[in-house]
Amino acid sequence: MTLHRYRCDRCRKTWPPVATPEEADAQRARHRAIAHGGAAPDGDDIWLLEDRPIEGAGLSRPARRMLIGLGVGGTVMAVWNWIHGR
């Protein structure tokens, strides 16, 4: 059986697993109405339980994005210096 979880990255809360995506969507709708005035916060997502790592393992999505950005930016700067240093 596939389980679904609603996660709000802005509030840093994950709801307990439910059996259907519709139940997770209902959790999301209630949370949006109460905590965010009906708006969709950044990082608002429904996860398939099998698709996510164990909670507390690995980096959060913003941390991964930051590291990727630093890696890309550093590579571009190194190439730029190598080209213009000749």
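One structure accompanies this document, and this report is about it. (Residues numbered from 1 in each chain as written. Predicted model: local features only at pLDDT ≥ 70, side-chain atom pairs only at ≥ 80, totals over all residues. Heavy atoms only, no water.)

Reading across the sheet, the 3 strands line up as 2-1-3 and stay open at both edges, with antiparallel pairing between neighbours. Lying at the two open borders of the sheet, with one neighbouring strand each, are strand 2 (13–14) and strand 3 (44–48). Strand direction decides the pairing type here: strand 1 (residues 4–8) and strand 3, joined by 5 bridges, are antiparallel. Bridged to Tyr 6 within strand 3 is Ile 46. (Pairing = 2+ DSSP bridges. Helix = DSSP H or I, 4+ residues; strand = E, 2+ residues; numbered from the N terminus.)

Below, the discussion takes up the environment of Pro 41. Looking at where Pro 41 falls in the secondary structure, it is placed in the loop between helix 1 (21–35) and strand 3. Placed 31 residues apart in sequence, Pro 41 and Arg 10 show a C-alpha to C-alpha distance of 6.5 Å.

A few words now on the packing of aromatic side chains. This structure, assessed with the given rule, holds 1 aromatic pair. Between Tyr 6 and Trp 15, the aromatic rings sit 4.7 Å apart at their centres with planes inclined by 45 degrees, giving tilted as the arrangement. The pair formed by Tyr 6 and Trp 15 is uniform in burial state, with each residue classed as buried. (Phe/Tyr/Trp six-rings, centres within 6.5 Å; stacked < 30°, edge-to-face > 60°. Buried < 20%, exposed > 50% of the residue type's maximum accessible area, 1.4 Å probe, protein only.)

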